[in-house]
Number of protein chains: 2
Amino acid sequence: MADSKIEEILAPLRANVKEQGDLVRKLKEEKAPELDVKKAVAELKARKKILEDKELSLAPAEELFDRAKMEDLIKRRFFYDQSFAIYGGITGQFDFGPMGCALKSNMIQLWRKYFILQEQMLEVDCSILTPEPVLKASGHVERFADLMTKDVKSGECFRLDHLIKAHLEKIKSEKNTKTELKAEIEDILVKLDGMTADEMSALMKRFDMKSPVSGNDLTPPIEFNLMFNTQIGPSGLVKGFLRPETAQGIFVNFKRLLEFNQGRLPFAAAQIGNSFRNEISPRSGLLRVREFTMCEIEHFCDSKEHPKFESVKNTQMLFYSANNQEQGKAAEIMTIGNAVSKGIVNNETLGYFMARIHLYMLAVGIDPKKLRFRQHMSNEMAHYACDCWDAECLSSYGWIECVGCADRSAYDLTQHTKATGIRLAAEKKLPSPKQIEVVEAIANKAAIGKQFKNNAKAINDALSSLEPADLELLQTKLEIEGEYILATLNGEFKMTSDLVSVKKTQKTVHVEEIIPSVIEPSFGVGRILYCILEHNFKMREGDEQRTYFSLPPTVAPMKCAVLPLSGNIEFAPFVRELSQELTNVDVSHKVDDSSGSIGRRYARTDELGVPYAITVDFDTIQEPHSVTLRERDGMGQVRLLLSEVPSVVRDLSNSKISWADVEEKYPKFEQQENVKGAAA
Amino acid sequence: MADSKIEEILAPLRANVKEQGDLVRKLKEEKAPELDVKKAVAELKARKKILEDKELSLAPAEELFDRAKMEDLIKRRFFYDQSFAIYGGITGQFDFGPMGCALKSNMIQLWRKYFILQEQMLEVDCSILTPEPVLKASGHVERFADLMTKDVKSGECFRLDHLIKAHLEKIKSEKNTKTELKAEIEDILVKLDGMTADEMSALMKRFDMKSPVSGNDLTPPIEFNLMFNTQIGPSGLVKGFLRPETAQGIFVNFKRLLEFNQGRLPFAAAQIGNSFRNEISPRSGLLRVREFTMCEIEHFCDSKEHPKFESVKNTQMLFYSANNQEQGKAAEIMTIGNAVSKGIVNNETLGYFMARIHLYMLAVGIDPKKLRFRQHMSNEMAHYACDCWDAECLSSYGWIECVGCADRSAYDLTQHTKATGIRLAAEKKLPSPKQIEVVEAIANKAAIGKQFKNNAKAINDALSSLEPADLELLQTKLEIEGEYILATLNGEFKMTSDLVSVKKTQKTVHVEEIIPSVIEPSFGVGRILYCILEHNFKMREGDEQRTYFSLPPTVAPMKCAVLPLSGNIEFAPFVRELSQELTNVDVSHKVDDSSGSIGRRYARTDELGVPYAITVDFDTIQEPHSVTLRERDGMGQVRLLLSEVPSVVRDLSNSKISWADVEEKYPKFEQQENVKGAAA
């Protein structure tokens, strides 16, 4: 279907979204009651969803994708599969086999190069087991708690909001439900998101909710935290969690990292590692799991300008801004330079990381047509964030968030400072020294000691920790009333001028204290890996049984296969020599000397996503020894000397040369590969 | 002290060990009572310990090592440090800072190259959260349980065997304890290792044991499992553990891996990942921790010969065989070829891996003089293992087990087969087809159905699952007595010839089923890392304040520092250019443009273990632009073109060229580095 035709169909849907977006904006400007705004936002989201579903359904036909076929290949060639399957398996947990593991490890290696090496980040490797106070400060102990309810007999669990929603929607859809009740239920459904346990409990009672599976009674609401908990040490007294993100390990090490960076801002720390979330209902394969690898960066800065922004500013990207979402407009392609200068992206540093994320995603094999940056709408964002963009990949499950890129401001460092009393801040040299006024209470310790005896210490402590406003008051009170009532840990005491005075002095300072802002790009490795597989899953023209992964050589699990044409023993020494030489130049490879036609073995290496195959045949035995080299995607072959092929494959794998270069340099090997039926 | 002098001192201690070793051997040969053997072994271990301590105390004086000084450096430059320190810290958990993390990651990268790439192993990445049945089958649920007791008031925990031992030893050492009681206590101490909870409980009562800290009463023995437990999913019904080793993830995937390897043996699978043990009392820094990274290999094979053994057989290694340990002899240097042919090492495959471990350990910087392979004595080995050697590194804590290399035979696969009913076995083609006799019970289903009605299914199931021996008996009984009593799930039933008969047929088979043996090299990354740091911690001659790590370039956290001679702004563009060019050739580096003399900044890069430093000075500004390149260990410097230096550093880092090559090719830069006081 032509683009103009598609836009014609979408136009009324876009208008619907815009209408609602305008309403939301108006309600917010008018500071309308929260409930009205929430209702309007829910309707906006629903209209956005209809628009997006329609857009996806109108996508060109060549984009059709057979998920079952890909999943079969992933399982059959053990890219990954369910963990502990011989024990019945556990949902939401996956084991990566040789191919998945190599792909993942190559993605991570490239990530290290793109971010840690090129940006000289400080990589850390912190503990997974995390004591409770750390995650209390970060907000996870509270924020990660969902409400659930249990079947009192079977113990089966239900997420409470899902259960209530399903129950009420059922009532709403029943014929003999009165119009008033239907309207009331609509109201409840909108409010559900922010309801307390008591409110939900009241709803359960009012509508007499039972288990939808067994009809048994349900327990009152139970707080269920999505973090896995355990005890650290033998006493059972130290409560710990498996970290739900790697970021906190960086924040609690901020002081050490700042010191390592010789006290200077900006700097970025990064961490690659596993995190854990005890999902109530894991689903969609690698997209929602209980155990996953993340790559996270925390860029600490005191200015949002970025010295290297210039180098990326012409990167073309697809932006789906909050404004476009509210207005029912499509995502737009523009350069990151324009997006920042127009104020669509909040600042250069955020923009710089978004561009780097974009370039990394393309390098690992994400289809640029299926990658967009979607801005969080103001109602989606955490209260402390000032801007947040998700890199989303289009998959058969819809648009999937793969990388988050948030400006978290100073939230986390402030929280840990509050919880520990240790100031997580940097010092910045002032452009020129500054005079400041220092106000302090000068205690007459001798007099206080004499008058208050055992309470003297508490009084002195209280005096020295008075805030500027209190000191102001102390001074005024002493001057005007001649006394001041001081609150201490041991109770209140009357202070008079003979016991304490207030002194103001001028001090020259050369530095100011700064709690840096944090820009946080956070990568979900498993989700990106899944999208790479979808974007690179191909079928050979003319034989849809013959499927393969067109993975870029940089991330392909193995770079090369070595195939003797047949089981002829004369081929063996050449195969051994090739394997040794490839190892010497660090090229991962697989020798496939199993029986089966060469075509069938090519098909197998294609399924594994191996980009190159070297074949040893009867001409190899003749001097000068030569082999054929085949490229996976186009199935073209060239003939070259055996001694040359290892370095050629290495250079191809490192993207130092292209296949076109190779085809130009070496003679084409003409032997038609019979595609049809080879994968049988 | 001369070696001969040392041996003179050690001789009587060696004789003591030998005497006891001979006694143990004699007792075993005579099949003496277990208690006597245990007592003799305990005494043998005590004598070995005295010998080893003496040997260590006589080590040459230049080996003296200042641990406090090294730990200060590790902390100060954030190689690693206690986790969550700002929250008071947790014992047994460490965070790796930028330098420790890079060192660890380089060690792992080299491990991948040495093992996975060179041996074409199948790398997997499996779940950390493991459901209980898996770890029941592996024996961890039972084997990992230590007994402990708690102070009833304070909740303080004590490992029960340690508590009993300390209590009894105290009684034994008291003056007025009778000789008989002393002898009895000695007996108890020897038996303690294998006592049940009830036996220990009885001892606690008999000797009226209280908390050694508070004097409070103690709880009865409590089983304390060293695995961290949690619940998987919201119901709280699926009990799970954090894996205590990565190996089980490989075993449960055996079938998928075998299939990936096209059904063929041998093959090796490998996994790099974190494991967890809830140690009761973590200590000794990285040596005993609660969370650690392992690299494990499971090599599955049906023959213990190894095709590549030839390539390593001349590797010289230090062997401390079980026999030498029992005989009080020192460890011996020999080639792995000799060790295998003499039967000291059980087989070629085990020997091949030991040699590869040895070579890897040297490559990452372990001092060959401080590396030995110690064989487990028969009483140390797990009952299923047929040979086991630990690669031990000498550190200031004594000899530390860093890599285990065990022949686990078919134990694990057999256990998981039993637990799941899924046969974890390979099929091997027989050299020629074989005739085998198949014996089966032929049930007359109609007659059974008619006679036994509802019980017919249970009877048919029981008949079809009879073992060969049962079938033999069934046939005999039917022939001689005319009846056979069959046990089924529904009780016993009388079988007669009209209901069942036994049929023997000949069958031609082409394959046999094999449960492969497993050779398991298992690397503790943190322990190796710690030993690398100790073995490479050096002080400059003439200034013991100036310490550094002489890490091999391959594993050094960064390869290179870029230092402008001063803050002169003319240097800046050259520093930027160098940094960019180094990044382009993948050389990790650090720009240090902080103030401080060049000597001071050299000292800082030395502390970080950075092997090379490039200095930009006033001559750099002149054409042709040149820089100095300095090597850390010898502090020699050469002058070369700025354009050449990135590739020279890359080749040095990859060990493609040596520093000697560089010194030969480029002119020496003569400027005495002032060592004294530079580290201030």
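Residues numbered from 1 in each chain as written. Chains lettered and ligands numbered in written order. Predicted model: local features only at pLDDT ≥ 70, side-chain atom pairs only at ≥ 80, totals over all residues. Heavy atoms only, no water.

Colleague: How would you summarise the UniProt feature "coiled-coil region" (unreviewed entry) in chain A if you had to cite specific residues and measurements?
Modeller: Here the UniProt-annotated "coiled-coil region" (unreviewed entry) positions come out as residues 164-191 of chain A. As a span, residues 164-191 of chain A carries 82% helix and 0% strand, and end to end its C-alpha atoms are 12 Å apart. (UniProt positions renumbered as here; feature names shortened; annotations may be inferred. Helix = DSSP H or I, 4+ residues; strand = E, 2+ residues; numbered from the N terminus.)

Colleague: Summarise helix H18 (residues 456-464) of chain B; cite the residues concerned and give the values.
Modeller: Inspection of H18 of chain B places Ala-456, Ala-458, Ile-459, Asn-460, Ala-462 and Leu-463 of chain B among the buried residues, and these make up the whole buried set. Each element contacted by the buried residues of H18 of chain B is listed here: strand S17 (426-443), helix H17 (445-452), strand S18 (483-488), strand S19 (491-496) and strand S20 (500-514) of chain B. (Buried < 20%, exposed > 50% of the residue type's maximum accessible area, 1.4 Å probe, protein only. Contact = heavy atoms within 4.5 Å.)

Colleague: Help me get a handle on empty space enclosed by the protein, residues and values and all.
Modeller: Per the stated rule, a full pass over the model turns up six cavities of 30 Å³ or more. Taken as a whole, the largest cavity holds about 670 Å³ of empty space. Lining the largest cavity are 31 residues, with Ile-272 and Gly-273 of chain A together with Ile-108, Ile-272 and Gly-273 of chain B positioned closest to its centre. Broken down by secondary-structure element, the contributors of at least two residues to the lining of the largest cavity are helix H4 (98-117), strand S10 (267-276) and strand S11 (291-301) of chain A together with helix H4 (98-117) and strand S10 (267-276) of chain B. Of the residues that constitute the lining of the largest cavity, the class distribution is ten nonpolar, ten polar and eleven charged. Taken as a whole, the second largest cavity encloses approximately 190 Å³ of empty space. Lining of the second largest cavity is provided by 16 residues; of these, Phe-94, Phe-96, Lys-104, Glu-291 and Phe-292 of chain A occupy positions nearest its centre. Listed by contribution, the elements that provide at least two residues to the lining of the second largest cavity are strand S2 (94-96), S11 and helix H20 (525-535) of chain A. Broken down by element, the residue count for the lining of the second largest cavity peaks at three residues, all from S11 of chain A. Looking at the lining of the second largest cavity residue by residue, the classes come out as seven nonpolar, six polar and three charged. (1 Å grid on protein atoms, 1.4 Å probe; cavity = no way out; pocket = protein on both sides within 12 Å on 5 of 7 lines; lining within 4 Å. Points joined across faces, edges and corners; volume = space filled by probe spheres on them. Nonpolar A, V, L, I, M, F, W, Y, C, P; charged D, E, K, R; others polar.)

Colleague: Give me the lowdown on the side chain of Thr-293 of chain A, citing residues and values where you can.
Modeller: All names here are of chain A. Relative to the assigned elements, Thr-293 resides in strand S11. At 2.8 Å, the side chain of Thr-293 and the side chain of Asn-274 are in polar contact. Residues in contact with Thr-293, not counting those within four places in the same chain, are Lys-104, Ile-108, Ile-272, Gly-273, Asn-274, Phe-523, Gly-524, Val-525 and Gly-526. (Polar contact = N/O pair within 3.5 Å; in protein donor to acceptor, adjacent residues only side chain to side chain.)

Colleague: Pulling in residues and values, what's your account of helix H19 (residues 468-480) of chain B?
Modeller: All names here are of chain B. If you check H19, its first and last C-alpha atoms are 18 Å apart, about what 13 residues at 1.5 Å a residue would give, namely 18 Å. Where H19 is buried, its residues touch S17, S18, S19 and S20. Where H19 ends, the next residue or the one after it, Gly-482, has phi of about 75°, a positive value. (Expected span 1.5 Å × (residues − 1).)

Colleague: Now, about the relation of the copies chain B and chain A: what can you tell me, with residues and values included?
Modeller: Each of the two chain copies goes to the other by way of a rotation about an axis and a shift along it. The transform that puts chain B on chain A rotates by 180° and translates by 0.2 Å along the axis, for an RMSD of 0.4 Å. Both copies of the chain, as the preceding transformation shows, are related through a two-fold rotation axis. Closest approach to the rotation axis within chain B is made by the C-alpha atom of Thr-230 of chain B, at a distance of 2.8 Å. Most of the interface of chain B is mirrored in chain A, where 100% of its interface residues again form contacts. (Least-squares fit on C-alpha atoms with pLDDT ≥ 70 in both.)

Colleague: Outline the interface of chain B and chain A, listing residues and values.
Modeller: Often, the extent of an interface is quoted as the loss of accessible area on bringing the components together. Listed as interface residues are 88 residues of chain B and, on the opposing side, 88 residues of chain A. At the boundary of chain B with chain A, the tally comes to eight salt bridges. Put simply, Arg-264 of chain B and Asp-593 of chain A hold a salt bridge, and the shortest N to O gap is 2.8 Å. For the interface between chain B and chain A, the tally reads 40 residue pairs in polar contact (both at pLDDT 80 or more). (Salt bridge = Lys/Arg side-chain N within 4 Å of Asp/Glu carboxyl O.)

Colleague: So what about unusual backbone geometry? Which residues, and what values?
Modeller: Residues and elements named next belong to chain A. Residues Glu-623 and Pro-624 are joined by a peptide bond in cis, for which omega reads -10°. Along the polypeptide, Pro-624 turns up in the loop between helix H23 (618-621) and strand S27 (626-631). For Phe-78, which is not glycine, the phi dihedral falls at a positive 45°.

Colleague: Outline the packing of helix H7 (residues 160-173) of chain B against helix H8 (residues 179-191) of chain B, listing residues and values.
Modeller: Residues and elements named next belong to chain B. Across the interface, H7 lies against H8 with an axial gap of 10 Å and an inter-helix angle of 160°. What the angle tells us is that H7 and H8 run roughly antiparallel. Helix-helix and strand crossings are classified by hand; for H7 and H8 the assignment is left-handed. Of the residues in H8, those touching H7 at Lys-165, Leu-168, Glu-169, Ile-171 and Lys-172 are Leu-181, Lys-182, Ile-185, Glu-186, Ile-188 and Leu-189. In the contact of H7 with H8, the residues fall into six nonpolar, no polar and five charged. (Axes fitted to C-alpha atoms, helices over the stretch in contact; angles between N-to-C directions. Parallel < 35°, antiparallel > 145°, perpendicular 65-115°, else oblique. Left-handed = near helix turned anticlockwise from the far one by under 90°.)

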